[in-house]
Amino acid sequence: MAIIIKSPDEIAAMRQAGSIVASILRTLSKEIRTGMTTRQLDDIAVRELARYGATSSFKGYRGFPTTLCVSINDEVVHGIPGDRVICEGDIVSLDFGAIIDGFHGDAAITVGVGNISPKAKQLLETTKGSLEAGIAVAHPGAHLSDISAAIQHHAESRGFSVVREYTGHGIGREMHEEPQIPNFGPPGRGPVLQKGMVLAIEPMVNIGGWETKVKNNHWTVITADGSLSGHFEKTIAITDGEAEVLTAWDQPPIGIP
Ligand code: MG
């Protein structure tokens, strides 16, 4: 399957989807508290989606049961909301996708709850920085793997590792379109980026090794060594110049009470 180039009208629709995703993530990052269950976060996402007249990208995707993915501490991605209670010092990844007028938006943030360790704070800053480093090289004429290499360099030069089994992706009328976007590898490979490509870039960065495993629920991915993992994602459109972030949010402060 080829990479689908979006028209300006299609990008406009995706801007709408992206802004809804960003707005709901912002709400979630403000509402998250010690003592809440992860299900309560999912309930907020469901309520907010309905308010915007949008639907979930995730619920029902290959049987995924909820609207939001909530992945805590050593959980990397695809955590399923439920009875787990959020504790002081947790780092909580919130990954969320929405569909409006037939187009998807997809983004993720990791927030620290209360006082988090200096190492955890550094992990979140590095993961966010890796995403920004990837976006910074996403312009026409660059190769896809220039994004991958920028992400890997940013994370590894700070002593962290990037997860290899899960990737970013093209996005549009489908949540997962071509191309896959690994978060590691040499630059100068893969397709040349061109205006109208829309990409969800999503580094997952670990304090320890990059290896992961999947929990018995067949969904939740955890680090193999139990180390903390961060995840940030934005949906971007390739333009004539700098990439346009379709899921731009006011960066929530690290260490939300
Ligand atoms: Mg994604």
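The preceding data block contains the structure.
Since this is a predicted model, take the numbers as computed values, not measurements. (Residues numbered from 1 in each chain as written. Predicted model: local features only at pLDDT ≥ 70, side-chain atom pairs only at ≥ 80, totals over all residues. Heavy atoms only, no water.)

Caption draft 1: Structural context of the coordination of the magnesium ion. Protein coordination of the magnesium ion is provided by Asp 106 (OD), His 169 (NE2), Glu 202 (OE) and Glu 233 (OE), with donor distances spanning 2.2 to 2.3 Å. All donor residues of the magnesium ion come from one chain, and their arrangement in sequence is D-x62-H-x32-E-x30-E. Of the two residues, His 169 is situated in strand β7 (residues 168–170) and Glu 202 in the loop between β9 (198–201) and β10 (204–206); the sequence distance between them amounts to 33 residues. The exposure class assigned to Glu 202 is buried, which follows from its relative accessible area of 7%. (Donors = N, O, S within 2.8 Å, 3.2 Å for Na, K, Ca; no water. Helix = DSSP H or I, 4+ residues; strand = E, 2+ residues; numbered from the N terminus. Buried < 20%, exposed > 50% of the residue type's maximum accessible area, 1.4 Å probe, protein only.)

Caption draft 2: Broad picture of the sheet that holds β9. Taken in spatial order, the five strands make up an open sheet running β8-β7-β9-β14-β15, and their pairing is antiparallel. Taken across any chain shown, the strands that pair with only one partner, and hence form the sheet edges, are β8 (177–181) and β15 (244–245). Across three bridges, β7 lies against β8 in antiparallel orientation. Within β8, the residue paired with Gly 168 across the bridge is Ile 181. The strands that helix α3 (residues 118–136) touches are β9, β14 (234–237) and β15; relative to β14, the one it contacts most, it runs at about 10°. Sheet strands touched by helix α4 (residues 144–156): β8 and β9. Its angle to β8, the strand with the most contacts, is close to 35°. (Pairing = 2+ DSSP bridges. Contact = heavy atoms within 4.5 Å. Axes fitted to C-alpha atoms, helices over the stretch in contact; angles between N-to-C directions.)

Caption draft 3: The arrangement of the pairing of strand β4 (residues 91–100) in detail. For β4, the buried fraction is high: nine of the 10 residues fall into the buried class. Pairing of strand β1 (residues 55–56) with β4 involves two bridges; the strand directions are antiparallel. For Ser 56, the partnering residue across the bridge sits in β4 and is Ala 98. The pairing of strand β2 (residues 68–72) with β4 spans five bridges and is classified as antiparallel. Paired with Cys 69 across the bridge in β4 is Asp 95. Pairing analysis gives 10 bridges linking β4 to strand β5 (residues 103–112), with the strands arranged antiparallel. When the sheet's bridge partners are listed, Leu 94 is paired in β5 with Ile 109.

Caption draft 4: Spotlight on the sheet that holds strand β12 (residues 221–223). Strands sit in the order β3-β12-β11 across an open sheet of three strands; the sheet is antiparallel. Of all the strands in the sheet, the pair left with one neighbour each is β3 (75–77) and β11 (212–214). Pairwise comparison of adjacent strand axes, ignoring direction, gives a mean angle of 40° for this sheet.

Caption draft 5: The arrangement of the side chain of Lys 234 in detail. Within the fold, Lys 234 resides in strand β14. Within polar-contact distance, the side chain of Lys 234 engages the side chain of Glu 132 at 2.9 Å. (Polar contact = N/O pair within 3.5 Å; in protein donor to acceptor, adjacent residues only side chain to side chain.)

Caption draft 6: Structural context of the packing of aromatic side chains. Counting across every chain of the model gives one aromatic pair. Measuring from ring centre to ring centre gives 4.9 Å for Phe 64 and Trp 219, while their planes differ by 90°; the resulting arrangement is edge-to-face. Note that Phe 64 is positioned in the loop between β1 and β2 and Trp 219 in the loop between β11 and β12, a separation of 155 residues in sequence. Arg 51 extends its terminal NZ or CZ atom over the ring of Tyr 52, reaching a point 5.3 Å from the ring centre. A cation over an aromatic ring shows up here: Arg 164 above the ring of Phe 184, its NZ or CZ 4.5 Å from the ring centre. (Phe/Tyr/Trp six-rings, centres within 6.5 Å; stacked < 30°, edge-to-face > 60°. Lys NZ or Arg CZ within 6 Å of the ring centre and 35° of its normal.)

Caption draft 7: Expanded view of the side chain of Gln 152. Looking at the element boundaries, Gln 152 is found in helix α4. Residues in contact with Gln 152, not counting those within four places in the same chain, are Ser 157, Val 162, Arg 164, Asn 183, Phe 184 and Gly 185.

Shape descriptors only; they carry no functional weight alone.
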